[in-house]
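Below are the chains, spelled out letter by letter.
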Amino acid sequence: MSSERMALIGTILLAVVATAALLIWVERRMLGLWQDRWGPNRVGFLGLGQVVADMIKIFMKDDWIPPFADRPVFVIAPAIVMVTVLLAFAVVPIAPGVSVAGDWNVGVLFVLGMTSLAVYSVMLGGWASNNKYALLGAMRSTAQSISYEVFMGLALLGVVIQAGSFSLEDIVLAQQDGWFIGPQFLGFVLFLIAGLAETHRLPLDLPEAEHELTAGFHTEYSGMKFGMFFVGEYVAVILVSGLLTTLYFGGWLGPTWGLTLAGWSFMPLVWFVLKTGAFILFFILLRAAIPRPRYDQLMRFGWLVLLPLALLNTAVTGAFVLLRSGA
Amino acid sequence: MSRHLKEHGTPAVPPPPVSPGGLRLIVEGFFTQLLSLWRVFLHLFARRATIEYPEQKPYLPPRYRGRIVLTRDPDGQERCVACNLCAVACPVGCIALQKAETPDGRWYPEWFRINFSRCIYCGMCEEACPTYAIQLTPDYEMAEYDRRNMVYEKEHLLIAGQGKYPGYSFYRVAGLAIAGKPKGAAQHEEPPVDPRSLLP
């Protein structure tokens, strides 16, 4: 592996983790603004020092492992969420030809697989904690994941059918004459809901619903192990935002479809970052605005409404593509 | 309606609105959620409810129960007569004092101590005080790094002014005789009666 490639991988990794850390501040600031407060604005310029302060705090905290916990599993669980979510990032194209793992022809499947594996982190963490709340959180997470994983994959099928490829780069290039948000609007909404459930973000943060389960699956976690769940959640938010951008909003493609400006080679990166950032802010807005559904309501909604809609979307998209190709 | 009341004794309750079901629920739910997203988003431009404290102080009413002070009467004398009622009234027992007496017959506290790390700012001492000496003020910025600094002595408590009751002086209205003010010399006080005298 060339040193240039290593540098690129290192840069992307660092940028993602740094953005995730920054999101701690962004989220608190934005939630504050949407609740008619200011949010943390004291430490440093605009309160940006809050990120550093939070990091120092979480690193200094006592990293306690409960004596009743299943020690090896307890330690491994937070690492799994970080590893799987960061691995899923490997195939997300940030600019033409720029991604960690290059252009894979199974990109979408790889991302789906990795995000599904991330559920094990929650399950194992909740089980190994040997705590009632943690177990309830883990159980909810499992129930939630079997409800949304199905239509998450099916929602993406529409995009895959239209682009004719599982490669994320091909999917972006297929959107040069129009983003998929138009023809795949239903798929977009379904994937957005599934992405929310995937990242355990409000309104679908049932596994950690702090009003019901103290902190859900990470009740017993402290110090940097909790920090890994925390940052892992933010990395997952970035991942889902990046995926929504890539799959439905033309990835690195700017509004000047097909038109390339000489000397503006960095524009694809700017577009990608802007769109992803907008989605991250939208995720925070969702958290500020929408209340959490009950756990059985979510499963019912997933199986009885979203799954049929995803199937319908797949069938209709397939029919259209077949009609257009003249088969 | 009234006939209905007569027949059944209870007013007719209108049936609860039927919540939509099926497809209508999904479509309506989707748009109402979008609407609430938009409304929350608009709060980005709303006025902040925050009072940015150290720079911007909140308004405190004059009768706010904050730091306790000992006031003086219009002549500049201490109002406190060391009666110990405040110490008795204090539910947490944070007030302690020692009575002393001046040569002219006035009582005063030799020392007066309030432990503000125990004080709950209930204002019972102020209500108990017969001479308006002890008063609570609208000041709450009393944080200390050392707990021992929370114990206020008399010189920390005593202020130069009269506080909330200007013009009041206990010895001018009380019937107690002190040097320079005999019995019957107080405001609105009748001259002393000699019970053994037969004169009208």
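Residues numbered from 1 in each chain as written. Chains lettered and ligands numbered in written order. Predicted model: local features only at pLDDT ≥ 70, side-chain atom pairs only at ≥ 80, totals over all residues. Heavy atoms only, no water.

If you look chain B up in an unreviewed UniProt entry, it shows as NADH-quinone oxidoreductase subunit I from Fontimonas thermophila. Of chain B, the UniProt comment under Sequence similarities (unreviewed entry) reads exactly: "Belongs to the complex I 23 kDa subunit family." (UniProt positions renumbered as here; feature names shortened; annotations may be inferred.)

Chain A is annotated in an unreviewed UniProt entry as NADH-quinone oxidoreductase subunit H of Fontimonas thermophila. UniProt annotates chain A under Sequence similarities (unreviewed entry) with the comment "Belongs to the complex I subunit 1 family." The UniProt entry for chain A carries the following comment under Catalytic activity (unreviewed entry): "a quinone + NADH + 5 H(+)(in) = a quinol + NAD(+) + 4 H(+)(out)".

A few words now on the overall build of chain B. Check the secondary structure of chain B and you find 6 helices and 5 strands. Scanning chain B from its N terminus toward the C terminus, one meets helices and strands in the order α-α-β-α-β-β-α-β-β-α-α. Dimensions of chain B along its principal axes, counting C-alpha atoms only, are 100 × 60 × 30 Å. A total of 200 residues make up chain B; the buried ones form 24% of that total. Contacts in chain B between residues at least 24 apart in sequence constitute 67% of all its contacts with a sequence separation of at least 6. Total accessible area on chain B stands at roughly 14,100 Å², and carbon and sulfur atoms take up 59% of it. (Helix = DSSP H or I, 4+ residues; strand = E, 2+ residues; numbered from the N terminus. Buried < 20%, exposed > 50% of the residue type's maximum accessible area, 1.4 Å probe, protein only. Contact = heavy atoms within 4.5 Å. Areas by Shrake-Rupley, 256 points an atom, 1.4 Å probe, with all protein chains shown as cover.)

Further remarks concern helix α7 (residues 185-198) of chain A. Each α-helix turn comprises 3.6 residues. Residues three or four places apart therefore point the same way. All names here are of chain A. In this model α7 runs 19 Å from its N-terminal to its C-terminal C-alpha over 14 residues, within 8% of the 20 Å that 1.5 Å per residue would give. Counting buried residues in α7 gives 12 out of 14 residues, a clear majority hidden from the surface. Gly187, Phe188, Val189, Leu190, Phe191, Leu192, Ile193, Ala194, Gly195, Leu196, Ala197 and Glu198 are the residues of α7 that are buried. Looking one or two places after α7, you find His200, whose phi comes out positive at around 55°. (Expected span 1.5 Å × (residues − 1).)

There is about 1,400 Å³ of room inside the largest pocket. Around the largest pocket sit 39 residues that line it, and A:Ile193, A:Phe301, B:Gly29, B:Phe30 and B:Gln33 are the ones nearest its centre. Broken down by secondary-structure element, the contributors of at least two residues to the lining of the largest pocket are α7, α9 (267-289) and α10 (295-325) of chain A together with α2 (22-42) of chain B. The element contributing the most residues to the lining of the largest pocket is α2(B), with 11 residues. Across the lining of the largest pocket, the residue classes tally to 33 nonpolar, 4 polar and 2 charged. Taken as a whole, the second largest pocket holds about 940 Å³ of empty space. What lines the second largest pocket is a set of 45 residues, and nearest its centre among them are A:Phe226, A:Phe230, A:Val231, A:Glu233 and A:Tyr234. Only α1 (3-34), α2 (49-60), α3 (71-88), α4 (107-128) and α8 (223-248) of chain A provide two or more residues apiece to the lining of the second largest pocket. When residues of the lining of the second largest pocket are assigned to their parent elements, the largest contribution, 12 residues, is made by α8(A). Its residues assigned to classes, the lining of the second largest pocket shows 25 nonpolar, 8 polar and 12 charged. (1 Å grid on protein atoms, 1.4 Å probe; cavity = no way out; pocket = protein on both sides within 12 Å on 5 of 7 lines; lining within 4 Å. Points joined across faces, edges and corners; volume = space filled by probe spheres on them. Nonpolar A, V, L, I, M, F, W, Y, C, P; charged D, E, K, R; others polar.)

The next thing to look at is the side chain of A:Lys275. Residues and elements named next belong to chain A. Tracing the backbone through its elements, the reader meets Lys275 in helix α9. Looking at Lys275, its side chain comes within polar contact range of the main-chain oxygen of Phe249, at 2.6 Å. Residues within four places of Lys275 in sequence aside, it is in contact with Trp179, Thr245, Phe249, Gly250, Gly251, Trp252 and Leu253. (Polar contact = N/O pair within 3.5 Å; in protein donor to acceptor, adjacent residues only side chain to side chain.)

Let us now look at the interface of chain A and chain B. In this assembly, 18 residues from chain A lie in contact with 18 residues from chain B. Here chain A packs against chain B, burying approximately 1,500 Å² in sum over the two surfaces, 63% of which is carbon and sulfur. The largest per-residue losses of area from chain A upon contact with chain B belong to A:Trp34, A:Asp36 and A:Trp38, which jointly make up 38% of the total buried on that side. Across the chain A-chain B interface, the total number found is 2 salt bridges. Between A:Arg42 and B:Glu55 there is a salt bridge whose closest N-O contact spans 3.0 Å. Between chain A and chain B we count 8 residue pairs in polar contact (both at pLDDT 80 or more) in total. Looking at the side of chain A that touches chain B element by element, the count peaks at 5 residues for α9(A). Residues of the side of chain A that touches chain B, tallied by class, amount to 13 nonpolar, 2 polar and 3 charged. (Buried area = accessible area lost by both parts, 1.4 Å probe. Salt bridge = Lys/Arg side-chain N within 4 Å of Asp/Glu carboxyl O.)

This brings us to the UniProt feature "binding site: [4Fe-4S] cluster 1" (unreviewed entry) in chain B. All names here are of chain B. Following the UniProt record, one finds the feature "binding site: [4Fe-4S] cluster 1" (unreviewed entry) at Cys80, Cys83, Cys86 and Cys129. A maximum C-alpha distance of 10.3 Å among these annotated residues, which run over 50 residues, shows that they cluster at one spot. Residue placement: Cys80 occurs in the loop between β1 (68-70) and α3 (85-89). By relative accessible area, Cys80 is classed as buried at 11%.

Let us now look at the environment of A:Val235. All names here are of chain A. Along the chain, the position of Val235 falls in helix α8. A residue is classified by how much of its surface remains accessible, and Val235, at 1% relative accessible area, is buried. Distance from Val235 to Val85, taken between C-alpha atoms, is 6.8 Å for residues 150 residues apart in sequence.

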